[in-house]
Each structure stands twice: as C-alpha cells, then as structure tokens.
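The primary structure of each chain is shown beneath.
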Amino acid sequence: MIKTSSFPALTEAAVQLTDSQREEVALLAEELGRAASGALDSPAWLAAARAAAVRMPDQLLTAIREFRYDAGPEGVLLVRNLPIDAELSATPTALGSVQRTATTAAGAIVMVLLQLGEVVAYRSEKSGALVQNVVPVAGQERQQSNAGSVRLQMHTENAFHRNRPDYLGLLCLRTDPTGDARLCTASVRRALPMLSGEARRTLFEERFMTEAPPSFGGSGSVPPPVHAILRGAPEDPDVLVDFNATHALDDGARRAMAELNAAFERATHALDLTAGDLAVVDNRLVVHGRTSYAPRYDGTDRWLHRVYAVADYRRSRVDRQDAGSVLD
Ligand SMILES: O=C(O)CCC(=O)C(=O)O
Ligand SMILES: [Fe+2]
C-alpha cells in the first residue's frame, strides 16, 4: 500500500481566482439559478449556461482555452476559489445521488466544463444527471466506484464506452474532514518515458479488453472486443485503461500492463481538494483514482460534484437519443 504522502502535490496549471473574480462567477451562477426555473438538465437551462460561461473572468477563460489547446505534461487544470453555496446542506448519503437544481456550485462547474466542450451524462450512470455527487455511501466501502472508500484504482473514466468523456471536472463542495481522501492523477506523458521499449510496443497492440459495469447495456455501450491501451502518436499517445476493469489477453500484455501501472504510480500526484477547488482532468491523457479513507456517513463527509464534457459533440450524436445530453 502506497502512502499518500509519497505522492507529490500538483502545483502546475493552477488558477487561483481572486475574491472579486470568485464573486463574478458567483453572480453568473446565481443568475443561472433563476434560468429555466433552475432545471439544470433542461435544454433551456443549458442554453443559458452556455451564454453565461463566455462571461466568466478573462483570466479564467484564457486558462481554460490554453488547457483545451494543450493539457500540458500533467493533463490537469486546477481552478481554486470557485464559489460554493454559503448554506451547504449535509453531504448526501444515498447511492447514486445527483444535483438536479442549479445551485451556485453546480452552475460554476457546468460553466467551466462548457468552455471545454459540451456537457454530457450516461443514462445508466447516476440516472443520467449532468451534475453528479461523488460521496461515500455506507455499505459500498469495498466497491471500485466513487461511493467506495477503499483505494480506487487508477482508471480512464468510462473506459469501456466508445464515447467516453474527453474531460471530467471534480469540484469540491465539502473538504474531507479526515484529510485522507485524495484525488490521484497520473499523466501518460509522464509515464511513457519510464516504460521499456517492449512494454510500449505491447501497449500499442490490441491485446486488452475492458469490461463495462453491469449497469451499462445496449448497443451504444458495447465495447470493442479488444483494444490497445496506448493509441495515436507513438511519442505522445492517448491512454485507455482501467486497472480494475481492463484485462490483458496474454502474459506479455499482462507484464506490459503491470509495468504501466508501476509507471503511473511513480507519476501520480495526489490532490488534496478543499471546498472551492475544481480539478479538470483530460481523460485522454490522464488516469485518475482516489486514496483510501474512513468516511463517517454523518453528513460531514467529503463531497464533490462531477461533470463530464466531450470535445466533439457531433461524434457522440449516435449515442444521444433525441439529440439530448444523455448518452446510452
Ligand atoms: O473521489 C475522487 O476523488 C475520484 C472519484 C472518481 O474517480 C470519479 O468520481 O470519477
Ligand atoms: Fe473516475
């Protein structure tokens, strides 16, 4: 078991909003709370959110624009001091909980993700809500899901899905009171130079298979039977792997995956998210996970909002019925 303290913190690519910039974002988000009766999954609310997103402070828009052009060596954009609702309710405790009404925090995370692409959700996951809660759930401790509290293995988000998100945003509403829960990220740009030539060659070959969670079904989410873990430019590839759900199809492939896992371990940053911190992860370059921790289930636990975005909305149209935001 790796100790959290052995992962260096991520200091690059951080945008610290000033208090007046935070207020500007809060005003936009509050305005959004009144749009379309605050029904944030509705097309009318999303249209209002797109219009509001372009009015965010210039410094933030510029940082997002640069990240969209190139996510950098770490592939993570950290935005600090975003607005969170003053009167935060108790941390939800139910499985699959989501945010359907437009609070300040929900408006803020959606606006940021809308500057990277279009926001999407998956029908079989968290009832297809665009803003989802990442909270620990009693009885789920050992699950390899965000409701669990054992260490969450490094993964590409929704790796099995042909239209997996290009970006995911995790906004902290309530800081973990135990201080142990950390979002872990590791970029393939950092891991690649640590790999042997043989591992690299193997990872570029279609010798792996990734299972969909049982809850997902239907033609839109049937994974290709086999896939490569590294794809694209040999010197700067995309990565597609879930160390809990991806299986190597032969011994050589298994060795290569183990080598990759070790390289990611060495490349891992642990992010100690506090209320108002948003981590945006480029899901093509970065795998993420979470350290283990001990939740209390008393309303004071760590609470994040999660939102997904795709860079090419058109490409996902085949999986979006009625042209909505929810993918099958
Ligand atoms: O809890 C975290 O920090 C990350 C959980 C996660 O992997 C996710 O919600 O996609
Ligand atoms: Fe995840």
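Look up a bit, the structure's there.
To keep things clear, this report deals only with the structure shown in the data block. (Residues numbered from 1 in each chain as written. Chains lettered and ligands numbered in written order. Predicted model: local features only at pLDDT ≥ 70, side-chain atom pairs only at ≥ 80, totals over all residues. Heavy atoms only, no water.)

Below, the discussion takes up the coordination of the iron ion (ligand 2). The protein atoms that coordinate the iron ion (ligand 2) are H155 (NE2), E157 (OE) and H288 (NE2), at distances spanning 2.1 to 2.2 Å. What makes H288 buried here is its relative accessible area of 5%. (Donors = N, O, S within 2.8 Å, 3.2 Å for Na, K, Ca; no water. Buried < 20%, exposed > 50% of the residue type's maximum accessible area, 1.4 Å probe, protein only.)

Next up on the list: empty space enclosed by the protein. As enumerated under the stated definition, the model contains one cavity of 30 Å³ or more in all. Here the largest cavity defines a volume of roughly 40 Å³. What lines the largest cavity is simply N163, R164, D166, V310, D312, R315 and S316. Classifying every residue of the lining of the largest cavity gives one nonpolar, two polar and four charged. (1 Å grid on protein atoms, 1.4 Å probe; cavity = no way out; pocket = protein on both sides within 12 Å on 5 of 7 lines; lining within 4 Å. Points joined across faces, edges and corners; volume = space filled by probe spheres on them. Nonpolar A, V, L, I, M, F, W, Y, C, P; charged D, E, K, R; others polar.)

Once that is clear, we can look at the sheet that holds strand 12 (residues 269-271). Ordered in space as 5-14-7-12, the four strands form an open sheet in which the pairing is antiparallel. Looking at the sheet topology across the chains shown, the edges are occupied by strand 5 (152-155) and strand 12. Taking the axes of each pair of neighbouring strands and ignoring which way they run, one obtains an average angle of 20° across the sheet. In the sheet, strand 7 (residues 183-187) pairs with strand 12 via three bridges, with the strands oriented antiparallel. The residue of strand 12 that forms the bridge with L183 is L271. Packed onto the sheet, helix 7 (residues 251-267) meets strand 7, strand 12 and strand 14 (286-290) and runs at close to 115° relative to strand 7. (Pairing = 2+ DSSP bridges. Helix = DSSP H or I, 4+ residues; strand = E, 2+ residues; numbered from the N terminus. Axes fitted to C-alpha atoms, helices over the stretch in contact; angles between N-to-C directions. Contact = heavy atoms within 4.5 Å.)

With that out of the way, let us pick up the site of ligand 1. Looking at ligand 1, the residues that line it are V134, N146, L152, H155, E157, L168, L183, H288, R290, R302, L304 and R306. At 2.7 Å, a side-chain N or O of R302 approaches an oxygen atom of ligand 1. For ligand 1, an oxygen atom lies 2.9 Å from a polar atom in the side chain of R306. For ligand 1, whose accessible area on its own is 290 Å², the fraction buried by protein is 99%. Of the pockets mapped on this structure, ligand 1 occupies the largest pocket. Elements with a contribution of two residues or more to the shell around ligand 1: strand 5, strand 14 and strand 15 (303-310). Counted by class, the shell around ligand 1 contains five nonpolar, three polar and four charged residues. (Near = heavy atom within 4 Å. Polar contact = N/O pair within 3.5 Å; in protein donor to acceptor, adjacent residues only side chain to side chain. Areas by Shrake-Rupley, 256 points an atom, 1.4 Å probe, with all protein chains shown as cover. Sits in = over half its atoms within 2 Å of the grid points.)

Another aspect to go through is the state of the cysteines. If you walk through the whole model with that rule in mind, you get zero disulfides. The structure places no disulfide on C172, whose sulfur is separated from the nearest cysteine sulfur, that of C184, by 15 Å. (Disulfide = S-S within 2.5 Å.)

According to the stated counting rule, one finds 18 salt bridges in the structure shown. Across the salt bridge formed by R100 and D41, the nearest N and O atoms sit 3.1 Å from each other. With R100 in the loop between strand 2 (76-80) and helix 4 (104-114) and D41 in the loop between helix 1 (19-34) and helix 2 (43-53), the pair connects residues that are 59 residues apart, well separated along the chain. On the basis of relative accessible area, R100 is assigned to the partly exposed category, the value being 37%. The partly exposed category is assigned to D41, whose relative accessible area is 25%. Salt-bridge contacts for D236 lead to R189; the nearest nitrogen and oxygen are separated by 2.9 Å. (Salt bridge = Lys/Arg side-chain N within 4 Å of Asp/Glu carboxyl O.)

A few words now on the layout of surface pockets. Its volume calculated, the largest pocket comes out at about 940 Å³. Lining the largest pocket are 39 residues, with E125, Q144, S145, N146 and P213 positioned closest to its centre. Looking at the lining of the largest pocket, the elements that each hand over two or more residues are strand 5, strand 6 (167-174), strand 14 and strand 15. Residue classes in the lining of the largest pocket are distributed as 15 nonpolar, 16 polar and eight charged.

Attention shifts here to the environment of N158. Tracing the sequence through the fold places N158 in the loop between strand 5 and strand 6. Residue N158 is classed as buried on the basis of its relative accessible area of 9%. Taking the C-alpha atoms as reference points, N158 and Y122, separated by 36 residues in sequence, lie 9.4 Å from one another. Once residues lying within four places of it in the same chain are set aside, the contact partners of N158 are Y122, E125, R164, P165, F216 and Y308.

Taken residue by residue, helix 2 has W45, L46, A49, A52 and A53 as its buried positions. Buried residues of helix 2, viewed axially, fall in a sector of 120°; they line one side. (Arc of directions from axis to C-beta.)

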